[in-house]
Amino acid sequence: MEKAIIVYGSTMGNTEQLATKVEEILSDNYETTIENVNDVNVEVLKCFDLIVFGSSTWGAGELQDDFYDFYDNLDQVDLSAKRAAVFGPGDTAYGDMFCQAVDMLEEKLEQRGAELIQAGFKWDGEITAEAETSIKEWAMAL
Ligand SMILES: Cc1cc2nc3c(=O)[nH]c(=O)nc-3n(C[C@H](O)[C@H](O)[C@H](O)COP(=O)(O)O)c2cc1C
């Protein structure tokens, strides 16, 4: 069975909630690992076929705080031959900065050689039952 890792950063629990739904779906087809970004080193990514990052957007279009060191350290790993995808909640009240962390992580993954296999999942507002259904559908295509 192929291996998938979900690495998430979450200040108030919204991204974490989405991450658990992604894991629920991926565990049907992958041997899955789910990690808070605070508890994981970039080196571990080498062991997985599919890499999924989840980050909310904070400040003005910035990564979730816990993601910064990990994001910088991604420059040290070669992710070619890895498949990847990114998700995150945000708020369209932030205009052009809506879910910008998703875009930043996608860009970084591509720079490191990973293949983005699906457009990022961006959710506006509260994590409702509808949000959970939508992210599960997104995860089914991974
Ligand atoms: C101070 C503050 C700044 C935020 N900045 C942005 C932003 O630039 N873009 C965006 O899409 N959402 C922004 N948000 C919304 C959060 O991303 C959203 O509440 C998200 O669900 C939080 O997820 P988390 O609990 O996993 O951290 C901001 C929220 C706060 C409170």
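Cut-offs used in this document
- Residues numbered from 1 in each chain as written.
- Predicted model: local features only at pLDDT ≥ 70, side-chain atom pairs only at ≥ 80, totals over all residues.
- UniProt positions renumbered as here; feature names shortened; annotations may be inferred.
- Near = placed C-beta within 6 Å.
- Helix = DSSP H or I, 4+ residues; strand = E, 2+ residues; numbered from the N terminus.
- Nonpolar A, V, L, I, M, F, W, Y, C, P; charged D, E, K, R; others polar.
- Buried ≥ 20, exposed ≤ 12 C-beta atoms within 10 Å, placed from the backbone.
- Pairing = 2+ DSSP bridges.

Taking an unreviewed UniProt entry as the reference, the protein chain is identified by name as Flavodoxin belonging to Orenia metallireducens. The record in UniProt for the protein chain states the following under Function (unreviewed entry): "Low-potential electron donor to a number of redox enzymes." You can read under Cofactor (unreviewed entry) in the UniProt record for the protein chain the words "FMN".

Help me out: how do you make sense of the site of the ligand in this one?
Taken together, 21 residues sit near the ligand, with Ser10, Met12, Thr15, Ser56 and Gly90 positioned nearest. Where the shell around the ligand is concerned, the elements lending two or more residues are helix H1 (14–26), strand S4 (57–58) and strand S6 (83–90). Broken down by class, the residue content of the shell around the ligand amounts to 8 nonpolar, 12 polar and 1 charged.

Before we go on, may I ask you to explain the pairing of strand S3 (residues 50–55) in this structure?
Most of S3 is tucked away, with 6 of its 6 residues classed as buried. Across the two faces of S3 the burial is the same, with Leu50, Val52 and Gly54 and Ile51, Phe53 and Ser55 all buried. As paired strands, strand S1 (residues 3–9) and S3 are joined by 6 bridges and run parallel to one another. The partner of Ala4 across the bridge, within S3, is Leu50. Direction of pairing for S3 relative to S6: parallel, over a ladder of 5 bridges. Paired with Val52 across the bridge in S6 is Ala85.

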